[in-house]
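Here's the letter readout for the chains.
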Amino acid sequence: MTVLSGAGISAESGVPTFRDVETGLWAKVDPYEISSAEGWQRHPEKVWAWYLWRHYMMQGVEPNNGHRAVAAWEDHAEVHVVTQNVDNLHERAGSERVYHLHGSLFEFRCDRCQGEFQGELPAMPEPVETVMPPQCRCGGLIRPNVVWFGEALPDSAWQKSVEAVSNADLVVVVGTSSIVYPAAGLPELALANGIPVIEVNPEPTPLSNAATATVRESAASALPTLLQRLPSLLG
Ligand code: APR
């Protein structure tokens, strides 16, 4: 069984999604300014400040019943979690096989020598406009180990995700708008291989019509009982 998750699974933990028109992160900042390689080249101090704030915010949240349900499924099946999320809520809920397609907000590296950064990070309870990133010994700047628009996905996480989807007996797609590729191509790969896909999302997405079944509920309310509902959902 493979779960593909997006920002929606962390929404009930208090983590904003990206594209919600009112509360979404992209409603407040320009994604191509703040979350792209070009934006980093132009003004690293703005990008760094924004990620410091998100990093700080992520430490103050807890997994919800959606994350916990996915972790508990490991008692019944071999579960692989493919996530677009840069938070660590799946791991903190107890999931053992988690592949981060878009990196992690808890890892930092030099943008020149790629060396890992282990230094202290300042607390950032409120977002500020600019903070200069720390400098690496090589002279490069320290950046978050997340995948920005225009950047390639980490090879190993991608390979493991394609394998986990291709070998699955069921794929559950939860809390994603299914518009950002290549991640959004994974449910299509499953369907093309005759693997049932269940979408859990309060709102319809471009995947909804093709999905084997859809559950129009939030992650924390739907996932705890999803295994029992499989017979009725998959007929
Ligand atoms: N439970 C389940 N789904 C939810 C919930 C919830 N409580 N709340 C919102 N959703 C759904 C929304 O309806 C929406 O379809 O979660 C989805 C969130 O979509 P996005 O904000 O687009 O997030 P995501 O799909 O993860 O974005 C993909 O885009 O911005 C980049 O790199 C970023 O990983 C991110 C990628």
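Refer to the structure presented above.
The numbers attached to residues start from 1 for each chain and follow its sequence in the written order. This being a predicted model, a pLDDT of at least 70 is required before a residue's local features are given, and a value of 80 or more before pairs of side-chain atoms are given or counted; all residues contribute to the totals for chains, interfaces and linings. Derived side-chain values reflect all non-hydrogen atoms in the structure, with water molecules and hydrogen atoms excluded from consideration.

Colleague: What exactly am I supposed to notice about the overall build of the protein here?
Modeller: A count of helices and strands for the protein gives 10 helices and eight strands. For a compact globule the rule gives 2.2 Å times the number of residues to the power 0.38, and the radius of gyration it is set against comes from C-alpha atoms. The C-alpha atoms of the protein give a radius of gyration of 18 Å, which matches the 18 Å a tight globule of 235 residues would have. Along the three orthogonal principal directions, the C-alpha set of the protein runs to about 60 × 35 × 30 Å. Buried positions account for 51% of the 235 residues belonging to the protein. When checking whether two residues touch, look at their non-hydrogen atoms; a contact exists if any pair is within 4.5 Å. Here the contacts in the protein between residues at least 6 apart in sequence split such that 65% fall between residues at least 24 apart. Total accessible area on the protein stands at roughly 11100 Å², and carbon and sulfur atoms take up 51% of it. Counted as positive: Lys and Arg. Counted as negative: Asp and Glu. His and the chain ends are not counted at all. Each charge is placed at NZ for Lys, CZ for Arg, CG for Asp and CD for Glu. Separation of charge centres in the protein, based on 15 positive and 28 negative side chains, amounts to 4 Å. Note on conventions: DSSP H or I runs of at least 4 residues are helices, E runs of at least 2 residues are strands, and numbering of each starts at the N terminus. In this scheme, a residue with accessible area under 20% of its type's maximum is buried, one over 50% is exposed, and one in between is partly exposed, where area comes from a 1.4 Å probe on protein chains only. All accessibility values rest on the Shrake-Rupley procedure with a 1.4 Å probe; residue burial counts only the protein chains present in the view.

Colleague: Please clarify how the nonpolar core should be interpreted in this entry.
Modeller: Most often, soluble globular proteins have nonpolar side chains that are buried together. Trp 48, Trp 50, Tyr 51 and Ile 142 are the most contacted members of the largest nonpolar core, which totals 27 residues. Elements that contribute at least two residues to this core include exactly α4 (44-59), β4 (103-110) and β5 (142-146). Take this core: its biggest share by element is eight residues, from α4. Every residue in contact with Trp 48, bar those within four places of it in the chain, is listed here: Trp 40, Phe 108, Leu 121, Val 131, Met 132, Pro 133, Pro 134, Ile 142, Arg 143 and Pro 144. Membership of the second largest hydrophobic core comes to 21 residues, among which are Leu 170, Ile 198, Val 215 and Ala 219. The definition of a nonpolar core used throughout is a set of buried Ala, Val, Leu, Ile, Met, Phe, Trp, Tyr and Cys residues joined through side-chain atoms within 4.5 Å.

Colleague: Can you help me understand the side chain of Thr 83 in this one?
Modeller: Relative to the elements of secondary structure, Thr 83 occurs in strand β2 (residues 80-83). N or O atoms within 3.5 Å of each other form a polar contact, as long as, within protein, one can give a hydrogen and the other can take it, and as long as residues adjacent in sequence are counted only when both atoms are side-chain atoms. A polar contact of 2.7 Å, which involves the side chain of Thr 83, links it to the side chain of Ser 5.

Colleague: Could you clarify how one ought to interpret the pattern of salt bridges in this entry?
Modeller: Opposite charge on two side chains permits pairing when their charged atoms draw close. The salt bridge criterion pairs a side-chain nitrogen of Lys or Arg with a carboxyl oxygen of Asp or Glu, the two atoms within 4 Å. Throughout the structure, instances matching the rule amount to five salt bridges. A salt bridge links Arg 216 to Glu 199; the nearest nitrogen and oxygen atoms lie 3.3 Å apart. One end of the pair, Arg 216, is in the loop between β8 (213-215) and α9 (219-222); the other, Glu 199, is in strand β7 (residues 197-200), with 17 residues separating them in the sequence.

Colleague: Sorry, what's going on with the site of the ligand here?
Modeller: When at least one non-hydrogen atom of a residue lies within 4 Å of a molecule or strand, that residue is treated as near it. Neighbouring the ligand are 21 residues; Arg 19, His 102, Thr 176, Ser 177 and Asn 201 lie closest to it. Trp 26 places a side-chain nitrogen or oxygen 2.9 Å from an oxygen atom of the ligand. At 2.6 Å, a side-chain N or O of Ser 177 approaches an oxygen atom of the ligand. Relative to its unbound accessible area of 740 Å², the ligand is 89% covered by the protein chains. Its residues placed into classes, the shell around the ligand shows eight nonpolar, 10 polar and three charged. Gly is placed with the polar residues, together with every amino acid not listed as nonpolar (Ala, Val, Leu, Ile, Met, Phe, Trp, Tyr, Cys and Pro) or charged (Asp, Glu, Lys and Arg).

Colleague: Sorry if this is basic, but what is going on with the pairing of strand β1 (residues 2-5) here?
Modeller: When a strand is regular, its side chains alternate between the sheet's two faces. Every second residue of β1 is oriented toward a common face, with Thr 2 and Leu 4 on one face and Val 3 and Ser 5 on the other, all of them buried. For two strands to be treated as a pair, DSSP must find at least two bridges joining them. Relative to β2, β1 runs parallel, the two sharing four bridges. Considered in β2, the bridge of Ser 5 is made with Thr 83.

Colleague: Just to check I follow, could you spell out helix α5 (residues 65-72) for this structure?
Modeller: It helps to recall that an α-helix has 3.6 residues per turn; residues three or four apart then point in one direction. Among all positions of α5, only Gly 66, His 67, Ala 69, Val 70 and Ala 71 are buried. Contacts from the buried residues of α5 go to β1, α1 (8-11), β2, α6 (89-93) and α9.

Colleague: What am I meant to see in the sheet that holds β1 here?
Modeller: Taken in spatial order, the six strands make up an open sheet running β3-β2-β1-β6-β7-β8, and their pairing is parallel. The two strands at the open ends of the sheet, each matched to only one other strand, are β3 (98-100) and β8. Strand-to-strand, the axes of this sheet are offset by a mean angle of 20°, without reference to chain direction. Note on method: axes are straight lines fitted to C-alpha atoms, helices fitted across the in-contact stretch only, with angles between N-to-C directions ranging 0 to 180 degrees. Along the sheet, helix α8 (residues 185-192) contacts β1, β2, β6 (171-174) and β7; its crossing angle with β7, the most-contacted strand, is approximately 145°.

Colleague: Hey, could you run me through the packing of aromatic side chains in this one?
Modeller: Remark: the centre distance and the inter-plane angle together describe each pair of aromatic rings, the angle taken between the planes. When the centres of two rings from Phe, Tyr and Trp lie within 6.5 Å, Trp using its six-membered ring, the rings pair. Their planes under 30 degrees apart give stacked, over 60 give edge-to-face, and anything left gives tilted. Enumeration over the complete set of coordinates arrives at eight aromatic pairs. On the numbers, 4.9 Å between centres and 45° between planes, the contact of Tyr 32 with Phe 149 is tilted. A residue pair is termed long-range when its members are at least 10 positions apart, and Tyr 32 in helix α2 (residues 31-34) and Phe 149 in the loop between β5 and α7 (155-166) qualify at 117 residues. The exposure class of Tyr 32 is exposed, given its relative accessible area of 51%.

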